[in-house]
Amino acid sequence: MREWEHYEHTADIGIRGYGSTLEEAFETVALALFDVMVDVRKVEPRECREVEVEGEDLMALLYNFLEELLVLHDMEGLVFGDVTVEIEKDGDGYRLKARACGEPLDYEKHEPKEEVKAITYHEMEIKRLPDGKWMAQLVPDI
């Protein structure tokens, strides 16, 4: 199950990802992030990047992961439409390895929407829902 949504927020756009595992929730919130910027359904997996980050807790891990994807977008002009994530407990913290696939931003093809300036901890939440699914959310700076 790969499902995400955007939710209303005063001045920005909240993003929320769901998954049957914690990893899937991280994958879908990353897709939600890029869907704020472009129509991710139109992004083809032409180029892939490997991402490795660490975090002292799950929120720091999510922040560092999304920030790394945003840096790749800013530096290389890439947008991602497919993301796979592996998370492991590492001593007192967590380690994440991801593979993000996409292509260079094409204004005609991808229909740009909003520009995401930064990842934030605003309304960040990572939790297991009563039905057993995982949810990850935050409000990036638009």
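Provided above is the structure to which this section pertains.
Since the model is a prediction, treat every value here as computed from it, not as a measurement.

Caption draft 1: Geometry of the packing of aromatic side chains. Across all of its chains, the model carries three aromatic pairs by this definition. On the numbers, 5.3 Å between centres and 85 degrees between planes, the contact of phenylalanine 34 with phenylalanine 80 is edge-to-face. Placement of the pair is phenylalanine 34 in helix α1 (residues 22-37) and phenylalanine 80 in strand β4 (residues 78-90), with a sequence separation of 46 residues. The pair formed by phenylalanine 34 and phenylalanine 80 is uniform in burial state, with each residue classed as buried. A centroid spacing of 4.7 Å and a plane angle of 0 degrees characterise the contact between tyrosine 63 and tyrosine 121, whose relative ring orientation is stacked. Of this pair, tyrosine 63 sits in helix α2 (residues 58-76) while tyrosine 121 sits in the loop between α3 (107-110) and β6 (125-128); the two residues are 58 residues apart in sequence, bridging distant segments of the chain. The exposure class assigned to tyrosine 63 is buried, which follows from its relative accessible area of 19%.

Caption draft 2: Structural context of α1. For α1, built from 16 residues, the straight-helix expectation of 22 Å at 1.5 Å per residue is met to within 8% by its first-to-last C-alpha distance of 24 Å. Of all 16 residues making up α1, 15 are buried, and the element is well covered by its neighbours.

Caption draft 3: Just the sheet that holds β4, in detail. The strand order across the open sheet formed by three strands is β3-β5-β4, and the pairing between neighbours is antiparallel. If you trace the sheet from one side to the other, it starts and ends with β3 (47-55) and β4, each paired once. On average, each strand axis in the sheet is tilted by 20 degrees relative to the strand beside it, whichever way the strands run. The pairing of β4 with strand β5 (residues 93-104) spans twelve bridges and is classified as antiparallel. Within the sheet, the bridge partner assigned to aspartate 82 lies in β5 and is cysteine 101. Against the sheet, α1 touches β4 and β5, its axis set at about 150 degrees to β4. Its contacts with the sheet put α2 on β3, β4 and β5, and the angle it makes with β3 is roughly 145 degrees.

Caption draft 4: Summary view of unusual backbone geometry. A positive phi angle is found at glutamate 111, which is not glycine, with a value near 50 degrees. Along the polypeptide, glutamate 111 turns up in the loop between α3 and β6. Classification of glutamate 111 as partly exposed rests on a relative accessible area of 40%. Located in the positive-phi region is glutamate 123, a residue other than glycine, with phi close to 55 degrees. If you trace the backbone, glutamate 123 turns up in the loop between α3 and β6. Residue classification places glutamate 123 among the partly exposed positions, given a relative accessible area of 36%.

The rules behind each value
Residues numbered from 1 in each chain as written. Predicted model: local features only at pLDDT ≥ 70, side-chain atom pairs only at ≥ 80, totals over all residues. Heavy atoms only, no water. Phe/Tyr/Trp six-rings, centres within 6.5 Å; stacked < 30°, edge-to-face > 60°. Helix = DSSP H or I, 4+ residues; strand = E, 2+ residues; numbered from the N terminus. Buried < 20%, exposed > 50% of the residue type's maximum accessible area, 1.4 Å probe, protein only. Expected span 1.5 Å × (residues − 1). Pairing = 2+ DSSP bridges. Axes fitted to C-alpha atoms, helices over the stretch in contact; angles between N-to-C directions. Contact = heavy atoms within 4.5 Å.

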